[in-house]
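# Notes for the structure review
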Amino acid sequence: MPLQGYKMIREATLDDTMGIVKCHLSDVDIPEYPRLSVFDRYKYGGPWMSVETCSIHLNYMFLHNQPVLVAEIGNEVVGELELLIEEEMFLKKLRKVCNADVLIVHRDFRGKGIGKALMQKAEEFAKAKGCDVILVTPEDRSYGFYKRLGYKKLLENYVVKISTGNFDPEDAKLCSFSWEKVKRLELVAGRFQSSYHHWFSSFVDLIADIDKILEAGRLGKSYYVIRELPNGFGGIYVWGHEKDIPGILGRAKKYFSEVITAISRDLIEELEAEILRRNIILGKWIS
Ligand SMILES: CC(C)(COP(=O)(O)OP(=O)(O)OC[C@H]1O[C@@H](n2cnc3c(N)ncnc32)[C@H](O)[C@@H]1OP(=O)(O)O)[C@@H](O)C(=O)NCCC(=O)NCCS
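Owing to the predicted nature of the structure, the values given are computational and were not obtained by experimental measurement.

## Thoughts on the overall build of the protein chain
The number of helices and strands found in the protein chain is nine helices and 13 strands. Scaling as 2.2 N^0.38, a compact globule of 287 residues should have a C-alpha radius of gyration of about 19 Å, and the protein chain matches this with 19 Å. On the principal axes, the C-alpha backbone points of the protein chain span a range of 60 × 50 × 30 Å. Taking all 287 residues of the protein chain together, 38% fall into the buried category. Restricting the contact set of the protein chain to residue pairs at least 6 apart, pairs at least 24 apart contribute 72%.

Next comes the structure, spelled out in C-alpha cells:
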C-alpha cells in the first residue's frame with residue numbers, strides 16, 4: 001500500500017546518523033554482523049555500517065555542501081539519498097551533474113513509494129541547483145526501479161581487469177590535486193560513477209586509513225590515483241588523456257600485479273584488458 005501523505009522528505013542533519021545506519025543495516029544478511037568490529041563493518045559495507053564511521057562520512061558531505069536527504073515516517077528515518085553535485089566533463093562537455101550517489105530504503109518499508117519520493121525530491125533539488133542532468137550507476141537489483149522512474153542509459157563502459165606486468169612505469173610528479181585541477185578533464189579510466197564522486201572519495205571521504213590512496217600525481221597531461229578498492233583489488237583513476245594510461249598502469253605495478261578499472265570499449269584490446277562486466281550509467285536530462 002502506498003504511504004502517500006505520511007512520508008516526509010527533508011535534508012538530513014547529523015542527528016539522523018543512527019536512523020541512516022539502521023536503514024543500511026536492514027540490508028545486511030550476516031547473522032554475526034553485530035559482533036564485527038567497526039573496522040570490519042566498514043570493510044564490508046562502507047561508512048554507513050556504523051554510527052562511528054557514518055557520522056564522519058556525513059560530516060564530509062555537509063562540509064562540502066553536498067545534499068543528504070532522508071525520508072521520515074513519524075519520527076523514524078526510513079530512507080536515505082545522498083547527492084553529489086558538481087560541474088564536470090560528461091559526454092565531452094562541461095555540465096552540471098547531480099549524481100545520485102547512495103540510495104537506500106529500510107527493508108521493512110520498501111515498495112511503498114519511498115524510493116520514488118526520494119528520487120523525485122532529488123530531481124527538484126537538481127533543477128533548483130541548475131543541474132543539466134541527474135545520473136545514477138544502478139546496482140543490478142535496482143536497475144528496474146530507475147527504468148520505472150524514466151531513467152535512460154546515457155553512458156556505457158566496461159569494468160576490466162588489467163595485468164600491470166605488461167606496462168612500463170613512466171616518470172610522474174607525485175602530488176595530490178584539487179577538484180579545480182581535474183574538473184575540465186575527462187575521466188578516461190575508473191568511471192564507475194560521476195567524475196566528482198571519484199575525486200571526492202579519493203581526497204575527501206577518507207576514514208580510518210581504509211580508503212587511503214597509494215599514489216597520486218601528474219603524468220604527461222593526466223592526473224591519476226592508484227588505490228586499493230574496498231574488495232582488496234588495486235584500482236586506477238585517470239583524469240586526462242587515454243595515451244597516459246599505459247604509463248600509469250606501469251606505475252601501479254609497484255603495488256599490484258592486476259588492477260580493476262572502468263574503460264571505454266575502444267581501449268580494451270590495446271590494454272589487453274579482461275572484461276568483468278558492463279557498467280551502465282543511467283540518467284535524466286533536466287529541462
Ligand atoms: C531500490 C529501492 C531504493 C527502491 O525503493 P522503494 O521505496 O522500494 O521503491 P518504490 O516503492 O518507490 O518504487 C517505485 C516504483 O518502482 C518500482 N520498483 C521498485 N523496485 C523495483 C525493482 N527492483 N525493479 C523494478 N521495479 C521496481 C515499484 O514497483 C514502483 O512502481 P510503480 O510506481 O508503478 O508503483 C529499494 O528497494 C532499496 O533500498 N533497495 C536496496 C538498495 C538499493 O538497491 N539501492 C539502489 C542502489 S543504486
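## Notes on the pairing of strand 9 (residues 213–219)
Bridge count between strand 7 (residues 173–174) and strand 9: two bridges; the pairing is antiparallel. Residue pairing in the sheet places lysine 173 in a bridge with arginine 218 of strand 9. In this structure, strand 9 lies alongside strand 10 (residues 222–228), joined through six bridges in antiparallel fashion. Bridging across to strand 10, glycine 217 finds its partner in tyrosine 224.

## Notes on the nonpolar core
In terms of nonpolar packing, the biggest core is built from 70 residues, with Ala100, Leu118, Ala122, Tyr224, Ile236 and Val238 touching the most fellow members. Here this core takes seven residues from strand 3 (residues 76–90), the largest share from any one element. The residue makeup of this core includes at least three contributed by each of domain 1 (7–136) and domain 2 (156–281). Discounting chain neighbours no more than four positions away, the residues touching tyrosine 224 are Ala216, Gly217, Leu219, Ile236, Tyr237, Val238 and Ile248.

## Re the domain arrangement of the protein chain
Buried accessible area, meaning the area lost when the parts come together, often serves as the stated size of an interface. Assigned domains within the protein chain: domain 1 (7–136) and domain 2 (156–281). Distance from the C-alpha centre of domain 1 to the C-alpha centre of domain 2: 25 Å. Taken together, the contact between domain 1 and domain 2 spans 20 residues of the former and 17 residues of the latter. Of all the elements in the fold, those that place two or more residues in the side of domain 1 that touches domain 2 are helix 2 (38–45), helix 3 (51–63), strand 3 and strand 4 (93–105).

## So, helix 8 (residues 245–252)
Of all eight residues making up helix 8, six are buried, and the element is well covered by its neighbours. Check the buried side of helix 8 and you find it contacts strand 6 (152–163), strand 8 (187–189), strand 9, strand 10, strand 11 (234–239) and strand 12 (258–263).

## Let's talk about the site of the ligand
Surveying the vicinity of the ligand reveals 18 residues, the closest of which are Arg110, Gly115, Lys116, Ser142 and Gly144. Elements supplying a minimum of two residues to the shell around the ligand: strand 4, helix 4 (114–128) and helix 5 (143–148). In the shell around the ligand, the residues fall into six nonpolar, five polar and seven charged.

Each value, and the rule that gives it
- Residues numbered from 1 in each chain as written.
- Predicted model: local features only at pLDDT ≥ 70, side-chain atom pairs only at ≥ 80, totals over all residues.
- Helix = DSSP H or I, 4+ residues; strand = E, 2+ residues; numbered from the N terminus.
- Rg over C-alpha atoms; globule rule 2.2 N^0.38 Å.
- Buried ≥ 20, exposed ≤ 12 C-beta atoms within 10 Å, placed from the backbone.
- Contact = placed C-beta atoms within 7 Å.
- Pairing = 2+ DSSP bridges.
- Core = buried A, V, L, I, M, F, W, Y, C linked by C-beta atoms within 7 Å.
- Domains from an automatic or database assignment.
- Near = placed C-beta within 6 Å.
- Nonpolar A, V, L, I, M, F, W, Y, C, P; charged D, E, K, R; others polar.

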